[in-house]
Amino acid sequence: MNITLAQAEKIISVAKTKSKEIDTKMNIAVVDAGANLVAFSRMDGAWLGSLDISIKKAKTARFFDMNTGVIGELSQPGQPLFNIEHSNNGLITFPGGVPVKNKAGEIIGAIGVSGSSVENDHIVAEAGALAI
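Rules used in this analysis
Residues numbered from 1 in each chain as written. Predicted model: local features only at pLDDT ≥ 70, side-chain atom pairs only at ≥ 80, totals over all residues. Heavy atoms only, no water. Helix = DSSP H or I, 4+ residues; strand = E, 2+ residues; numbered from the N terminus. Rg over C-alpha atoms; globule rule 2.2 N^0.38 Å. Buried < 20%, exposed > 50% of the residue type's maximum accessible area, 1.4 Å probe, protein only. Contact = heavy atoms within 4.5 Å. Areas by Shrake-Rupley, 256 points an atom, 1.4 Å probe, with all protein chains shown as cover. Core = buried A, V, L, I, M, F, W, Y, C linked by side-chain atoms within 4.5 Å. Polar contact = N/O pair within 3.5 Å; in protein donor to acceptor, adjacent residues only side chain to side chain. Expected span 1.5 Å × (residues − 1). Axes fitted to C-alpha atoms, helices over the stretch in contact; angles between N-to-C directions. Left-handed = near helix turned anticlockwise from the far one by under 90°. Nonpolar A, V, L, I, M, F, W, Y, C, P; charged D, E, K, R; others polar. Salt bridge = Lys/Arg side-chain N within 4 Å of Asp/Glu carboxyl O.

Enquirer: Help me get a handle on the overall build of the protein, residues and values and all.
Expert: From N to C terminus, the protein includes four helices and four strands. Going from N to C terminus, the protein has its helices and strands arranged as α-β-β-α-α-β-β-α. Relative to the compact-globule value of 14 Å for 132 residues, the protein shows a C-alpha radius of gyration of 13 Å, a close match. The 132 residues of the protein split such that 43% are buried. Look at the contacts in the protein between residues 6 or more apart in sequence, and 62% of them connect residues 24 or more apart. A total accessible area of about 6500 Å² is found for the protein, and carbon and sulfur atoms account for 53% of it.

Here it is, written out as structure tokens:
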């Protein structure tokens, strides 16, 4: 299963709405099951430096089928995934990347969000991921 463009656009729309609700500006990326970029939105005024981060968060969430914040916990010194962020041409291991599942519970892609605190990034990403 793979995410469709229509689903990706819905995810971005919901994420943008959540971002506005919490008064922040975000870069929002959606990748398919193969971690290929399907859709992207940079809200007016969102940080330019967060553009690449949002895409890498989405890819990281899809590569490992878990929230990027969980990977971050597992990648600390002494933990089993220490230094994993240096693999795959660079991963992002802090919150804001969330796998996207279809109604059958199959992972069909992921969303990555960056532009605020990691807590806000995760809140917006989770809202988008639940839009399907």
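Enquirer: Could you give an account of the nonpolar core, naming the residues involved and the relevant values?
Expert: The biggest cluster of nonpolar side chains holds 19 residues, and the ones touching the most others in it are Ile11, Ile28, Val30, Val100, Ile111 and Val113. Elements with a minimum of two residues in this core: α1 (5-21), β1 (27-32), β3 (97-101), β4 (107-114) and α4 (118-129). Here this core gets four residues from one element, more than from any other, and that element is α1. Among residues more than four places away in sequence, those in contact with Val100 are Ile3, Ile11, Glu106, Ile107, Ile108, Gly109, Ala110, Ile111, Ala129 and Ile132. Residues Ala29, Val31, Ile55 and Ala58 belong to the second largest nonpolar core, which totals six residues.

Enquirer: Describe the side chain of Thr24, and please don't skip the residues or the numbers.
Expert: With respect to the secondary-structure elements, Thr24 resides in the loop between α1 and β1. According to the relative accessible area criterion, Thr24 is buried, its value standing at 12%. Of the polar contacts made by the side chain of Thr24, one reaches the side chain of Ser116; its length is 3.4 Å.

Enquirer: Run through helix α2 (residues 50-64), naming residues and quoting values.
Expert: For α2, with 15 residues, the first-to-last C-alpha span of 21 Å sits near the 21 Å given by 1.5 Å per residue. On its buried face, α2 sits against β1, β2 (37-42), α3 (68-74), β3, β4 and α4. Backbone geometry just after α2 places Asp65 at a positive phi near 50°.

Enquirer: An account of the environment of Lys56 is requested, with residue identities and associated values reported.
Expert: Assignment of secondary structure puts Lys56 in helix α2. Of the residues examined, Lys56 reaches a relative accessible area of 25% and is grouped as partly exposed. The sequence separation of Lys56 and Asp121 amounts to 65 residues, and the corresponding C-alpha distance is 13 Å. Contacts of Lys56, omitting those with residues within four sequence positions, involve Asn89, Gly90 and Ile92.

Enquirer: Lay out the packing of α1 against α4 with the relevant residues and their values.
Expert: The contact between α1 and α4 brings their axes to 8 Å, and the two run at 145°. With respect to the hand of their crossing, α1 and α4 are arranged in right-handed fashion. For the pair α1 and α4, contact is made by Ile11, Val14, Ala15, Lys18 and Ser19 and by Ile123, Val124, Ala127, Gly128 and Ala129, respectively. Of the residues contributing to the contact of α1 with α4, the split by class is seven nonpolar, two polar and one charged.

Enquirer: Pulling in residues and values, what's your account of the pattern of salt bridges?
Expert: This structure, assessed with the given rule, holds four salt bridges. Lys56 is the partner of Asp52 in a salt bridge, and the nearest nitrogen-oxygen pair spans 3.5 Å. Of this pair, Asp52 and Lys56 both sit in helix α2, four residues apart, which is roughly one turn of that helix. The shortest N-O distance in the salt bridge between Asp121 and Lys57 comes to 2.9 Å. Here Asp121 is found in helix α4, whereas its partner Lys57 is found in helix α2, with 64 residues between them in sequence. On the basis of relative accessible area, Asp121 is assigned to the buried category, the value being 1%. According to the relative accessible area criterion, Lys57 is buried, its value standing at 0%.

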